[in-house]
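Descriptive structure summary
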There are 2 protein chains.
Amino acid sequence: MEQFIPILKKSKLFSGVRDDEISSMLSCLGASFREYKKGEFVLRQGERLSSILVLAEGNLHIQNDDYWGNRSILGEISPGEMFGEAFVTSESETLLNDVAAVTDSAVVSFDVKRVLTTCSSACRFHTIVVQNLFCEISEKNRKLVRKLGYMSKRTTREKLISYLSEQAKKQNSASFSIPFNRQQLADFLSVDRSAMSNELCKMRDDGLILFERNRFTLL
Amino acid sequence: MEQFIPILKKSKLFSGVRDDEISSMLSCLGASFREYKKGEFVLRQGERLSSILVLAEGNLHIQNDDYWGNRSILGEISPGEMFGEAFVTSESETLLNDVAAVTDSAVVSFDVKRVLTTCSSACRFHTIVVQNLFCEISEKNRKLVRKLGYMSKRTTREKLISYLSEQAKKQNSASFSIPFNRQQLADFLSVDRSAMSNELCKMRDDGLILFERNRFTLL
DNA sequence: GCCTTTCTGTTGTAAAAACAACCGACTTTC
DNA sequence: GAAAGTCGGTTGTTTTTACAACAGAAAGGC
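Residues numbered from 1 in each chain as written. Chains lettered and ligands numbered in written order. Predicted model: local features only at pLDDT ≥ 70, side-chain atom pairs only at ≥ 80, totals over all residues. Heavy atoms only, no water.

Ranked by size, the top nonpolar core spans 100 residues in total, and within it A:Phe83 and B:Phe83 carry the most contacts. With near-sequence residues (within four places) excluded, B:Phe83 lies in contact with B:Val42, B:Leu43, B:Ile52, B:Leu53, B:Val54, B:Leu55, B:Leu60, B:Ile77, B:Val99, B:Val107 and B:Lys140. (Core = buried A, V, L, I, M, F, W, Y, C linked by side-chain atoms within 4.5 Å. Buried < 20%, exposed > 50% of the residue type's maximum accessible area, 1.4 Å probe, protein only. Contact = heavy atoms within 4.5 Å.)

It is worth spelling out the protein's contact with DNA strand C at this point. Surrounding DNA strand C, one finds 17 residues, the nearest of these being A:Thr155, A:Thr156, B:Arg182, B:Ser197 and B:Phe211. For DNA strand C, the fraction of atoms within 4 Å of the protein that belong to sugar or phosphate moieties is 64%. Side-chain polar atom of A:Ser194 to a base nitrogen of DNA strand C: 3.2 Å apart, as the coordinates give it. Take B:Arg193: an N or O atom from its side chain is 3.0 Å from a base oxygen of DNA strand C. Taken together, the elements giving at least two residues each to the surface near DNA strand C come down to helix 7 (193-205) of chain A together with helix 7 (193-205) of chain B. The dominant element in the surface near DNA strand C, judged by the number of residues it contributes, is helix 7 of chain B, at five residues. Among the residues making up the surface near DNA strand C, the classes are represented as three nonpolar, eight polar and six charged. (Near = heavy atom within 4 Å. Polar contact = N/O pair within 3.5 Å; in protein donor to acceptor, adjacent residues only side chain to side chain. Helix = DSSP H or I, 4+ residues; strand = E, 2+ residues; numbered from the N terminus. Nonpolar A, V, L, I, M, F, W, Y, C, P; charged D, E, K, R; others polar.)

A word on the packing of aromatic side chains. The geometry of an aromatic ring pair comes down to the distance between the two centres and the angle between the two planes. All names here are of chain A. Counted by the stated rule, this structure contains 18 aromatic pairs over all chains. Ring centres of Tyr 150 and Phe 188 lie 6.4 Å apart, and the angle between their planes is 50 degrees; on these two criteria the pair is classed as tilted. Of the two residues, Tyr 150 is situated in helix 4 (residues 124-151) and Phe 188 in helix 6 (residues 182-189); the sequence distance between them amounts to 38 residues. Taking 6.4 Å as the distance between ring centres and 20 degrees as the angle between the ring planes, the aromatic pair formed by Phe 176 and Phe 216 counts as stacked. One end of the pair, Phe 176, is in strand 7 (residues 175-177); the other, Phe 216, is in strand 9 (residues 215-218), and 40 residues separate them in sequence. The two residues Phe 176 and Phe 216 agree in class, both being buried. The ring of Phe 188 carries Lys 147 above its face, with NZ or CZ at 4.4 Å from the centroid. (Phe/Tyr/Trp six-rings, centres within 6.5 Å; stacked < 30°, edge-to-face > 60°. Lys NZ or Arg CZ within 6 Å of the ring centre and 35° of its normal.)

What follows concerns unusual backbone geometry. All names here are of chain A. We note that Ser 190 has phi near 55 degrees; this positive angle belongs to a residue other than glycine. For Ser 190, the position within the fold is in the loop between helix 6 and helix 7. One non-glycine residue, Arg 213, lies in the positive phi region at around 50 degrees. Structurally, Arg 213 is set in the loop between strand 8 (209-212) and strand 9. Judged by its relative accessible area of 69%, Arg 213 falls in the exposed class.

Here you go:
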């Protein structure tokens with residue numbers, strides 16, 4: 001487990017926690033670790049979850065496939081990000097989505113309930129981690145709200161504009177890369193890929209954007 | 001403020017906290033209270049927020065109106081529910097939506113940062129409230145994920161079915177009321193009201209559902 | 001009661017998206 | 001380096017939605 005301390009140290013959840021504190025938390029919380037091959041499922045819809053997970057390396061998609069094979073991508077997880085946290089508090093509710101490894105990935109998991117329930121809050125790291133936990137779950141919340149913003153737009157063009165604008169803002173530049181290919185972006189925005197591809201080209205012809213592969217520029 | 005203790009006691013945030021503990025928290029956290037008339041805005045998009053809010057009575061909508069007057073309803077707040085919590089942790093980010101009073105409402109606000117930052121976690125209520133806070137923000141998170149589930153459906157019919165099924169499940173009955181009228185439901189699902197109304201009738205003709213006003217039965 | 005406002009359903013038309021099929025460019029694999 | 005697979009773009013058709021305008025029912029005010 002020790003090899004992940006540098007990675008965990010950079011994660012938002014352990015931000016501000018010293019190496020030796022992380023180390024003691026890992027053993028205290030019975031942290032475990034697992035690797036996943038590209039395409040493998042880290043979590044499956046309908047499962048129950050009792051641990052919080054942090055992606056150590058790789059890339060994950062939170063997604064959902066219906067009977068007819070239509071995929072919907074809820075979000076994307078980058079290294080250092082926490083996931084699954086919203087489902088550990090509910091005894092009754094099961095996972096609403098699959099989590100799949102887009103590339104070979106490594107995941108660290110541990111029982112965050114213990115962070116919240118043990119009365120050892122006197123320790124410095126407990127206080128910090130609880131705050132970090134709250135910050136990161138809030139951020140996830142805002143991410144979902146922003147996504148609902150894109151999805152509530154009525155036309156594909158509006159969805160694209162709101163998503164791309166947000167990315168430009170986030171990356172502080174009119175030129176930026178997105179973490180999706182065309183099919184994935186379409187699944188993320190819940191539109192048809194070919195129709196979206198078509199709309200992107202129209203937007204380029206209208207002088208709104210430039211793009212090449214997953215790199216976009218807003219004009 | 002004291003008059004709200006019975007209401008706050010029933011809220012999820014203070015679940016498991018004794019009256020006298022709530023009382024001391026209120027003063028400790030400098031809780032304040034305000035009433036809003038029907039139609040008034042409790043929060044406006046773009047504002048910064050430093051307090052967590054709890055609805056004591058009435059009904060609120062988290063919503064967003066674009067330039068052309070198209071409204072999008074993100075969610076609905078019932079008495080006892082917390083809101084605004086996802087925006088207190090971010091110094092930089094401003095509110096993404098308005099919060100409007102659908103009926104005359106009363107709101108209690110207090111600085112939850114103090115719950116998290118003070119080192120007085122030794123007190124019983126601090127521990128409980130932090131746990132409650134985590135549970136409720138997780139629940140909010142799941143609510144958003146569920147909403148994204150409805151919105152990711154491609155057709156109005158599918159959106160309606162997924163939303164109505166979820167309500168039936170939540171209320172544990174094939175017959176249930178929803179907290180929206182037609183226009184509000186359309187704004188919630190981001191579809192056109194008349195088209196949705198039309199689709200509902202087709203679904204009734206197809207023997208899928210029965211409805212009258214805001215009461216629905218799944219068949 | 002009567003008037004006004006709000007709510008819901010209906011219809012027709014125009015616009016947009018989904019769907020399906022295909023093509024060429026580029027990658028990967030053996 | 002040939003074959004298979006992936007990716008992005010294009011086109012035409014069908015389906016669905018948005019939009020607009022209207023009408024009847026229900027609710028609320030005076």
